[in-house]
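Chain and residue survey
Below, each chain spelled out in residue letters.
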Amino acid sequence: MLAAPSQAGTVASQAAPQAKVIANSHPDWATAAANKGAVPATAQTTATVYLASQNAAALAAYAQAVSQPGNADYGKFLTAAQAKAKFLATPAQIKAVQSWLTGAGLHITSTTDHQIDVSGDSAAIKRAFGTGLDQYQVKGQTLHAATGNLVIPAGVASSVLGVTGLTSSTPTVKPTYVPVSDVAKAATKTKAATKSATKASGSGLATVPTCSTSWDSKKVSGSPAGYTKNTYYDECSFQPSQLRQAYGINQSGLTGKGVKIAIVDAYGSSTMLADANEYSTNHGDKPFKAGQYTEDVTPSQWNSLDACGGADGWAPEEALDVEMSHGLAPDTDVVYVGANSCNDNDLQAALANIVDNHLADIVSNSWSGLMYSDQAGDGESAASIAAYEQIFEEGAIEGISFDFSAGDCGDNSPGAAATGVNCDPSTTKAQAGYPSSDPWVTDVGGTALAVSDKKGDYKFETDMGTLLSTLSTDGSSWSPLPGSFYFGGGGGTSDYFAQPWYQEGVVPSKLSHTLMTGATSTTAQRVTPDVAMNGDLFTSVWVGFSDGAPYSEGGYGGTSVSSPSFTALQADAIQARGDRPFGFANPEIYERAGTSDFHDVVNKTAADGQPPLNAVFDNGLEDGSLNAALVAFGRDYGLVATKGFDNATGVGSPDVNYLNSFKR
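Residues numbered from 1 in each chain as written. Predicted model: local features only at pLDDT ≥ 70, side-chain atom pairs only at ≥ 80, totals over all residues. Heavy atoms only, no water.

1. What to know about the overall build of the chain
Here is the rule: Runs of H or I in DSSP of at least four residues are treated as helices and runs of E of at least two as strands, each being numbered from the N terminus. In this description the radius of gyration comes from C-alpha coordinates, and the expected globular size is given by 2.2 Å times residues to the power 0.38. Throughout, exposure labels follow a simple rule: accessible area from a 1.4 Å probe, protein chains only, divided by the maximum for the residue type, with under 20% read as buried, over 50% as exposed, and the rest as partly exposed.
Broken down by element type, the chain carries 17 helices and 31 strands. In terms of overall size, the chain behaves like a compact globule, its C-alpha atoms giving a radius of gyration of 25 Å where 664 residues would be expected to give roughly 26 Å. Referenced to the eigenvectors of the C-alpha coordinate spread, the extents of the chain come out at roughly 90 × 60 × 50 Å. Going through the 664 residues of the chain one by one, you find that 59% of them count as buried.

2. Thoughts on empty space enclosed by the protein
As a reminder, the rule being used: Here a cavity denotes a set of grid points, spaced 1 Å apart and computed over the protein atoms alone, in which a 1.4 Å probe fits but from which it cannot get out, and a pocket denotes an open set meeting protein on both sides within 12 Å along at least five of seven lines; residues with an atom within 4 Å of a point are reported as lining. Grid points are joined across faces, edges and corners, and a volume is the space filled by probe spheres set on the points. Residues are grouped as follows: Ala, Val, Leu, Ile, Met, Phe, Trp, Tyr, Cys and Pro are nonpolar; Asp, Glu, Lys and Arg are charged; all remaining types, including Gly, are polar.
Applying the stated criterion across every chain, the model contains three cavities of 30 Å³ or more. Tyr50, Leu51, His114, Gln115, Leu161, Gln348, Ala387, Gln390 and Ile391 are the residues that line the second largest cavity. The greatest single-element share of the lining of the second largest cavity, amounting to three residues, is contributed by helix α12 (residues 382-398). Grouping the amino acids of the lining of the second largest cavity by side-chain chemistry returns five nonpolar, four polar and no charged.

3. Let's talk about the state of the cysteines
Note the cut-off: Criterion for a disulfide: a pair of cysteine sulfur atoms within 2.5 Å.
Applying the stated rule across the entire model yields three disulfides. Disulfide partner of Cys211: Cys236, at an S-S distance of 2.1 Å. Since a negative S-S torsion denotes a left-handed disulfide, the Cys211-Cys236 link at about 90° is right-handed. Taken as a pair, Cys211 in the loop between α5 (181-187) and β12 (232-233) and Cys236 in the loop between β12 and α6 (240-246) lie far apart in primary sequence, 25 residues in all. The exposure classification of Cys211 matches that of Cys236, with both residues buried. Between Cys308 and Cys342 runs a disulfide, and the two sulfur atoms are separated by 2.1 Å. Across the S-S bond of Cys308 and Cys342 the torsion is about -85°, and the bridge reads as left-handed. Pair noted here: Cys308 is in helix α9 (residues 305-308) and Cys342 is in the loop between β15 (333-339) and α11 (344-356), with a separation of 34 residues, a long-range link. As far as the burial class goes, Cys308 and Cys342 line up, both buried. Looking at the chain, its bonded cysteines, counted consecutively from the start of the sequence, adopt the pairing 1-2, 3-4, 5-6.

4. Section: the sheet that holds strand β11 (residues 178-179)
For clarity, the threshold we go by: Two strands pair under a simple rule: DSSP has to find at least two bridges between them. Between two residues, a contact is recorded if the distance between any of their heavy atoms is within 4.5 Å. With axes taken as lines fitted to C-alpha atoms, and helix axes fitted only over the stretch in contact, angles between N-to-C directions fall between 0 and 180 degrees.
The strand order β11-β27-β26 describes an open sheet built from three strands, whose pairing is antiparallel. Because the sheet does not close on itself, it has two edges, and the strands there are β11 and β26 (541-545). Alignment of β11 against strand β27 (residues 552-557), held across two bridges, turns out to be antiparallel. The residue of β27 that forms the bridge with Pro179 is Tyr556. Sheet contacts for helix α8 (residues 272-282): β26 and β27; angle to β26, the most-contacted strand, approximately 140°.

5. Quick word on the pairing of strand β7 (residues 141-146)
Side chains on a regular strand alternate between the two faces of the sheet. Sheet topology places strand β6 (residues 133-138) next to β7; six bridges connect them, and they run antiparallel. From the neighbouring strand, Asp134 faces β7, where its bridge partner is Ala145. Between β6 and β7, which pair antiparallel and follow one another directly, the connecting turn spans two residues, one of which, Lys139, has a positive phi of 50°.

6. Looking at helix α4 (residues 122-129)
For clarity, the threshold we go by: In this context, the arc is that of the directions from the helix axis out to the C-beta atoms.
Within the span of α4, buried status applies to Ser122, Ala124, Ile125, Ala128 and Phe129. The buried residues of α4 occupy an angular sector of 155° when the element is viewed end-on, so they sit on one face. With respect to the buried face of α4, the exposed residues turned more than 90 degrees away are Lys126 and Arg127. Elements that come into contact with the buried residues of α4 comprise β3 (45-51), α3 (91-103), β5 (115-120), β6, β8 (150-152) and β9 (160-164). Two residues or fewer past α4, Gly130 is found with a positive phi of approximately 75°.

7. Regarding the pattern of salt bridges
Our working rule: Basic side-chain nitrogens of Lys or Arg form a salt bridge, by our definition, when they fall within 4 Å of a carboxyl oxygen of Asp or Glu.
Enumeration over the complete set of coordinates arrives at 12 salt bridges. The salt bridge involving Asp331 is made with Lys289; its shortest N-O contact spans 3.9 Å. With a gap of 42 residues between them, Asp331 in the loop between α10 (310-328) and β15 and Lys289 in the loop between α8 and β14 (293-296) connect regions that are remote in the sequence. Its relative accessible area of 53% is what places Lys289 among the exposed residues. With a shortest N-O distance of 2.7 Å, Asp530 and Arg526 are connected by a salt bridge. Side by side, Asp530 and Arg526 carry an identical accessibility label, which is buried. Residues joined by salt bridges that share partners form a network here, namely Arg577, Asp579, Glu588, Arg592, Asp597 and Arg664.

8. Regarding the sheet that holds strand β29 (residues 614-618)
Spatially, the five strands line up as an open sheet ordered β12-β29-β30-β21-β22, and their pairing is mixed. Of all the strands in the sheet, the pair left with one neighbour each is β12 and β22 (478-488). As paired elements, strand β21 (residues 465-471) and β22 share six bridges and run antiparallel to each other. Along β22, the bridge assignment pairs Thr470 with Ser479.

9. Considerations on the packing of helix α1 (residues 56-67) against α12
The cut-off we apply is this: Angle categories: roughly parallel below 35 degrees, roughly antiparallel above 145, roughly perpendicular from 65 to 115, and oblique for all the rest. For any helix crossing, the convention is left-handed if the near helix is rotated counterclockwise from the far helix by under a right angle, and right-handed if that rotation is clockwise.
Their axes nearest at 8 Å, the elements α1 and α12 cross at an angle of 40°. Overall, the two elements α1 and α12 adopt an arrangement that is oblique. Every pair of crossing elements has a handedness; the one defined by α1 and α12 is left-handed. Taking contact as the criterion, the partners of Leu59, Ala60, Tyr62, Ala63, Val66 and Ser67 in α1 are, on α12, Gln390, Glu393, Glu394, Ala396 and Ile397. Among the residues making up the contact of α1 with α12, the classes are represented as seven nonpolar, two polar and two charged.

10. Points about α3
Our working rule: Here the expected span of a helix is defined as 1.5 Å times the quantity of residues minus one.
Spanning 13 residues, α3 covers 18 Å between terminal C-alpha atoms, matching the ideal 18 Å at 1.5 Å per step. For α3, the full list of buried residues reads Gln93, Ile94, Val97, Trp100 and Leu101. Angularly, the buried residues of α3 cover 125° about the axis, an arc narrow enough to put them on a single face. Opposite the buried face of α3, at more than 90 degrees from it, the exposed residues are Pro91, Ala92, Lys95 and Gly103. Just beyond α3, the residue with positive phi is Gly105, at close to 100°.

11. Points about the confidence of the model for the chain
To be explicit about the condition: Every residue is assigned a pLDDT by the predictor, reflecting its confidence on a scale from 0 to 100.
Chain-level statistics for the chain give a pLDDT mean of 90 and a share of 91% at 70 or above. Contacts for the low-pLDDT stretch residues 188-208, under 50 throughout, to residues beyond four places or in other chains number 55 contacts. A low-confidence stretch, residues 620-625 (pLDDT under 50), is modelled with 17 contacts involving residues beyond four sequence positions or located in other chains.

12. Description of the packing of aromatic side chains
Stated precisely, the cut-off is as follows: Two rings belonging to Phe, Tyr or Trp (six-membered ring only in the last case) form a pair when the distance between their centres is within 6.5 Å. Interplanar angles under 30 degrees mark stacking, angles over 60 mark edge-to-face geometry, and anything in between is tilted.
A full pass over the atoms with the stated rule returns 28 aromatic pairs. Each member of the aromatic cluster is reached from another via a ring pair, and the members are Trp367, Tyr388, Phe392, Phe402, Phe404, Tyr434, Tyr496 and Phe497.

13. Considerations on the packing of α11 against α12
Packed helices, taken two at a time, are described by their axes: the angle between them and the distance between them. Where α11 contacts α12, the two axes come as close as 10 Å, and the packing angle between them is 15°. When the axis of α11 is compared with that of α12, the two are roughly parallel. Classified by chirality, the crossing of α12 by α11 is left-handed. Across from Asp344, Leu347, Gln348, Leu351, Ala352, Val355 and Asp356 in α11, the residues of α12 making contact are Ser384, Ala387, Tyr388, Ile391, Phe392, Glu394, Gly395 and Glu398. Here the contact of α11 with α12 is built from residues that sort into eight nonpolar, three polar and four charged.

The structure is reproduced here in structure tokens:
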């Protein structure tokens, strides 16, 4: 059990509360040379004040204890009400922080047990935080920032975890999906087409789409030389029944019954339930039962639509997540919780809603951002990270786990971003994403899945990393060869988070002590991903949605496929366990590392004297134009799948043995 806090000393002898200076809340780019004067007096600024736990050390300690097999408190989860009373800010603390903010002239727009959102003019900001707001000209942009570090008054300093929003920022969080149709755009600038078979041309390569029903079922003839003697068309987009077969779900007989999944994305689609049901019916599965799918969305509060890509930009992500979750765990209840934007404070509010009201047993998040960015805001702030972690730890003590997509840009370096199709060009160095690299979440990486037959029986996997070469206009050669990096799962060694206890003895020392810049760390660091499942763009899955347009389906790839797939498989495993949810899942995952519970994904590499596995992607056009690409698999950027734990696929991908290991 948790030890009681020390009662040594008396109130009279304790040090008086001190004001708290929030380090680095005045950004480095806000220099005197860039200063263009004060923010207009009438301008309204918004900010989020994060509330601190009553006892942050005790919260973290119990989150570990309740998650660690063998600990006396293992599995002794608290209810949401118990967690709130024991660890979150007290009503008195919240009231004191509110009084401080309103006393300074700020307007409170919302309050939860985790954060208080406020707005006000620059005079009120200065009264509250002890610093003004000025404008700065940086890289051609006019930005605003605090003129000095923020100061929290002594009376509420211990109740405030941090503050965000007073510095201009550009969201780096994005959904981690790519439609197969984007490959056609890379291969040709003419119009894109759907993946449907018709006739072939005399050139030897089809001028219309074609694909293989299994890894090597349809051989390409008459094509230019690639990496190997024989080349096959890439696999047709998978449907859920094939993934259930490949990962042993069908064989286990599990359906996720009695478990509840939450999905968090930004905004929400008004047609999601109808789309998901049509999708299930089209692919031979049962639609949702009445009440099995629910939503928690607040369209009247949506904001930052332009900066976040709009609701339409997130609709395919929502459809992918819901359809994969239902497809791989058809009897699991699903609740979609739509954040009001892709900004951290809104995503955190959505996650906190799930934890505070215990809406689910597992949460799938197919989005992530950069830790370090050259955009305004400089990536993820320490205050935002602390706020996320407090939510994740609260989830752990309630028995809730969080899965995150690892990203689609390999090591997220500028080199990867130069050619990667789903990369953020604002990256400043090789780095693992966030929140996916947080030690309190399960980071789900990607693989390219090969099946041996149309049913979906497992053949092998490589890491999710592809090189792309396009076909010359006369159809005689591929260029460049080897191809350019196009798509790859995320991961790597964090320079921010130390190695968590559950990775000790599993992650190779060389990985945990070598940062992604190549520098050596004196301490062992967190390495991701933790696990992996299919997500490669060229082993894509069917996704269907309408969102205001006629319903249609297309192939989609990304670790946006991997995360909900793993979440659904975890729901199946919880059903097998029967007695309770996993809570924070990583300790259980790492206990099984190196066993037959996981496929050990290992790439064929040039170092082994072997060429990469490769296939021809053919997405021919309706007008008969030749449109094809050569794809090399297992070539992630800066990351590689090797024997044992690695920084491309973690402990590997789950097998039927993993599911059966939980049966009692």
